[in-house]
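Residues per chain are reported as follows:
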Amino acid sequence: MAMVIVFGSLNIDLVLKVKHQPVVGETILTPSYEWFSGGKGCNQAIACSRSGVKTAMVGQVGDDGFGTRLMNALKRDEVLASGVARHEKEPTGTAFITVDDAGDNQIIVASGANRLATADQVPNEILHKDNVCLMQMEVNYSENWDVIHRAKGVGAKTILNLAPAGTVPRAVLDDLDYLIVNQIEGRQMAEKMGLKIEDSAIAMARKLAESADLICVMTLGPLGCVAMKPDGKGWQVKAHDLGDDLADTTGAGDTFCGVFAGCVFQKMSLQETLRRASIAGTLACRGLGAQSKMPRMEEIEEFLEMVPAAQAV
Ligand code: RIB
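The structure displayed is predicted, hence computed values, not measured ones.

A.B. asks: Would you take a moment to explain the overall build of the protein chain for this structure?
C.D. replies: A count of helical and extended segments in the protein chain gives nine helices and 14 strands. Over its C-alpha atoms the protein chain spans a radius of gyration of 18 Å, differing by no more than 12% from the 20 Å that the globule rule assigns to 313 residues. Overall size of the protein chain, expressed as C-alpha extent along the three principal axes, is 50 × 45 × 40 Å. Looking at the protein chain as a whole, 56% of its 313 residues qualify as buried. Long-range pairs, those at least 24 residues apart, make up 67% of the contacts in the protein chain with a sequence separation of at least 6. Each charge class in the protein chain can be summarised by its mean position, and for the 30 positive and 39 negative side chains these summaries are 3 Å apart.

A.B. asks: When you look at the packing of helix α5 (residues 183–192) against helix α6 (residues 201–212) in this model, what are you seeing that I'm missing?
C.D. replies: What describes two packed helices is the angle between their axes and the distance between those same axes. Relative to each other, α5 and α6 sit at 50 degrees, their axes nearing to 10 Å. The angle between α5 and α6 places the two elements in the oblique class. Handedness of the α5/α6 crossing: left-handed. Along the contact surface, α5 presents Gln183, Gly186, Arg187, Met189 and Ala190, while α6 presents Ala201, Met204 and Leu208. Its residues assigned to classes, the contact of α5 with α6 shows five nonpolar, two polar and one charged.

A.B. asks: Sorry, what's going on with the site of the ligand here?
C.D. replies: In the neighbourhood of the ligand, the contacting residues comprise Asn11, Asp13, Gly38, Gly39, Lys40, Asn43, Ala95, Val109, Glu138, Thr250 and Asp254. Aspartate 13 is positioned such that a nitrogen or oxygen atom in its side chain is 2.5 Å from an oxygen atom of the ligand. Of all the secondary structure elements, the ones that give two or more residues to the shell around the ligand are β2 (11–17) and α1 (40–50).

Here is what the cut-offs are and how they apply
- Residues numbered from 1 in each chain as written.
- Predicted model: local features only at pLDDT ≥ 70, side-chain atom pairs only at ≥ 80, totals over all residues.
- Heavy atoms only, no water.
- Helix = DSSP H or I, 4+ residues; strand = E, 2+ residues; numbered from the N terminus.
- Rg over C-alpha atoms; globule rule 2.2 N^0.38 Å.
- Buried < 20%, exposed > 50% of the residue type's maximum accessible area, 1.4 Å probe, protein only.
- Contact = heavy atoms within 4.5 Å.
- Lys, Arg positive; Asp, Glu negative; His and termini not counted.
- Charge placed at Lys NZ, Arg CZ, Asp CG, Glu CD.
- Axes fitted to C-alpha atoms, helices over the stretch in contact; angles between N-to-C directions.
- Parallel < 35°, antiparallel > 145°, perpendicular 65-115°, else oblique.
- Left-handed = near helix turned anticlockwise from the far one by under 90°.
- Nonpolar A, V, L, I, M, F, W, Y, C, P; charged D, E, K, R; others polar.
- Near = heavy atom within 4 Å.
- Polar contact = N/O pair within 3.5 Å; in protein donor to acceptor, adjacent residues only side chain to side chain.

Bear in mind that shape data such as this cannot, by itself, settle questions of function.
What follows is the structure in structure tokens.
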């Protein structure tokens, strides 16, 4: 079956609202906390499915209540979850997230069962050229590289969201069609590749695209995103301004990636893909928790007239 396959992490997010982020040595009080389903892989799979594309999630959770919550969340959003294994001993991944009054966050992830996700959970039988494979960096890197290599081998499109940042071997870059980074991740990657660090995001994305010979997409937070092709051509999309509706930016990047993969699967142009992914990432920031306000495609399209078309850069 043609679909987007997301190989990656699943976490329960324990979210604490704070007035400001604590500094080293500081203790702060907050009345309570909320818990949500999350994890970069799970968030991206749900964002992709809500955008109207058949999506499968592959990863590992623990045999515990958190794992059950995540399986139920996937099912509610019609994500195929048969590829999510339940580990007998390791607990489900858990993220501790503080969200401050500006909607910004700090996250610590206890990986748990995510560390045991293996590439062979993505059997060759489900890899074929019409599929898109989307990965992040919260599982063992070597398992990611294996999936990327086999996916590329059958002609599937491969997308890596380099979050959190890590080192990507040259041979893996050769197997990638798209690399999605934020500005910090892009800078760290450029440093690791020994590239000259550029001041502007556009110049940095261009350099990464040329050096790695892939399409480099860089998200710019409230400023939107850029995408550069290896031939130096690129586009920029400005973000929609949420104003006072901004509540929590935790799911922005993952929603961007999930919708981006869905649009690639539907063979949309890069310009239209960027626009929809950008709108979706912004809309996801309207509620607490990564997944609570992830939009469906109809809602994304209602915002198209408020977000100018991609501009060549
Ligand atoms: O990108 C946001 C996600 O990062 C959260 O849902 C959290 O689980 C961490 O993995």
